[in-house]
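Residue-level structural notes
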Amino acid sequence: MRYLIISDIHSNLEALEAVLKDAEGRYEAVLCLGDIVGYGPSPNECIERVRGLSSLSCVAGNHDWAAISKIGIEDFNPDARAATIWTQKTLTTASSAYLHSLPEKIVLEEKITIAHGSPRYPIWEYILSTLTALENFRHFETPWCLVGHSHVPVIFAFRESKPNFCDAFIPPENEPFFLDPDFRFIINPGSVGQPRDGDPRASYALLDSEKGVVELRRVAYPVEKTQAMMEKVGLPPRLIARLSFGW
Ligand code: ZN
């Protein structure tokens, strides 16, 4: 199966459309790793667009849960909190119901586990280091696990013959990377709607589960358009500015 992998859209419809256009014809099913909403100006539009994608599997993220008050926002920074409160007020009943329906984890084809943050603590945990990645390899059974949450594209590799070691790397963008069957992998496609690796372009991935090949991709989108909409609805200036730089 050829999958499109999208994560952390964060109510950024322009970025989502750019990704869908770039990936057109290259996938049969879609994996969405959560945080459809939060930060950006188009929560309902993004939910509708994602829901309408064929053969979709989607898990919940911390911002999705915060937007429907399934978790509190005490731990969010002030900007994220303000954006969450705006999102809560803006979501339609149908959008809220959809976010409520999202599971925390999904396993596909006995090959792929998907979760927002980590397989161990799906909603909250960030996998930012090889140490955390190493621990998480014990928390899923499949060869591959796909996570988002950090907004930084990365691949972690692990093999049973070296159980105390885990490698982290970022393969060159827009190039197929072969997933060696001797290893298990945790793959983060980066963020569609709010990249944080110093590159403002939308980030996503393509995965061919038969061939065992993943491709991390970047695509430019009209950042100013998203920013103008954010300004119009009164979202925090810092959240508007960061999209220009990808931090
Ligand atoms: Zn996020």
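Here's a quick rundown of the structure. The model shown is predicted, which means the values in this text are computed figures rather than measured ones.

Assigned secondary structure in the protein chain consists of eight helices and 12 strands. Across its three principal axes, the protein chain shows a C-alpha extent of roughly 55 × 35 × 30 Å. Per-residue burial over the protein chain gives 58% buried out of 247 residues. Accessible area of the protein chain: about 10500 Å², with a carbon and sulfur share of 53%. Counting 24 positive and 32 negative side-chain charges, the protein chain places the averaged centre of each group 2 Å from the other.

Once that is clear, we can look at the packing of aromatic side chains. Taken as a whole, this structure holds six aromatic pairs when the rule is applied. Measuring from ring centre to ring centre gives 5.6 Å for F137 and F140, while their planes differ by 40°; the resulting arrangement is tilted. Residue F137 is classed as buried on the basis of its relative accessible area, which comes to 3%. With relative accessibility at 5%, the residue F140 sits in the buried group. Pairing F169 with F177 gives two aromatic rings, centres 5.2 Å apart and planes at 50°, and the pair type is tilted. The class for F177 is partly exposed, based on a relative accessible area of 22%. The lysine or arginine in question, K162, covers the ring of F165, its NZ or CZ lying 5.9 Å from the ring centre. Here the basic side chain of R184 rests over the ring of F140, its NZ or CZ set 4.4 Å away from the ring centre.

Volume-wise, the largest pocket comes out at about 160 Å³. Taken together, R2, Y3, R26, L206, L207, D208, V213 and E215 make up the lining of the largest pocket. The element contributing the most residues to the lining of the largest pocket is strand β11 (residues 202-208), with three residues. Its residues assigned to classes, the lining of the largest pocket comprises four nonpolar, no polar and four charged.

Here the focus is the coordination of the zinc ion. Those donors, D8 (OD), H10 (NE2), D35 (OD) and H151 (NE2), are the protein atoms that reach the zinc ion, and they lie 2.0 to 2.5 Å from it. Sequence positions of the residues that donate to the zinc ion give the spacing D-x1-H-x24-D-x115-H. With D8 in the loop between β1 (2-6) and α1 (13-23) and D35 in the loop between β2 (29-32) and α2 (43-51), this pair connects stretches of sequence that are 27 residues apart. For D8, a relative accessible area of 0% gives the class buried.

On to the side chain of T113, then. In this structure, T113 sits in strand β5 (residues 112-115). Setting aside chain neighbours within four positions, we find T113 in contact with K105, I106, V107, F140, T142, W144, C145 and L146.

Reading the values: the criteria
- Residues numbered from 1 in each chain as written.
- Predicted model: local features only at pLDDT ≥ 70, side-chain atom pairs only at ≥ 80, totals over all residues.
- Heavy atoms only, no water.
- Helix = DSSP H or I, 4+ residues; strand = E, 2+ residues; numbered from the N terminus.
- Buried < 20%, exposed > 50% of the residue type's maximum accessible area, 1.4 Å probe, protein only.
- Areas by Shrake-Rupley, 256 points an atom, 1.4 Å probe, with all protein chains shown as cover.
- Lys, Arg positive; Asp, Glu negative; His and termini not counted.
- Charge placed at Lys NZ, Arg CZ, Asp CG, Glu CD.
- Phe/Tyr/Trp six-rings, centres within 6.5 Å; stacked < 30°, edge-to-face > 60°.
- Lys NZ or Arg CZ within 6 Å of the ring centre and 35° of its normal.
- 1 Å grid on protein atoms, 1.4 Å probe; cavity = no way out; pocket = protein on both sides within 12 Å on 5 of 7 lines; lining within 4 Å.
- Points joined across faces, edges and corners; volume = space filled by probe spheres on them.
- Nonpolar A, V, L, I, M, F, W, Y, C, P; charged D, E, K, R; others polar.
- Donors = N, O, S within 2.8 Å, 3.2 Å for Na, K, Ca; no water.
- Contact = heavy atoms within 4.5 Å.

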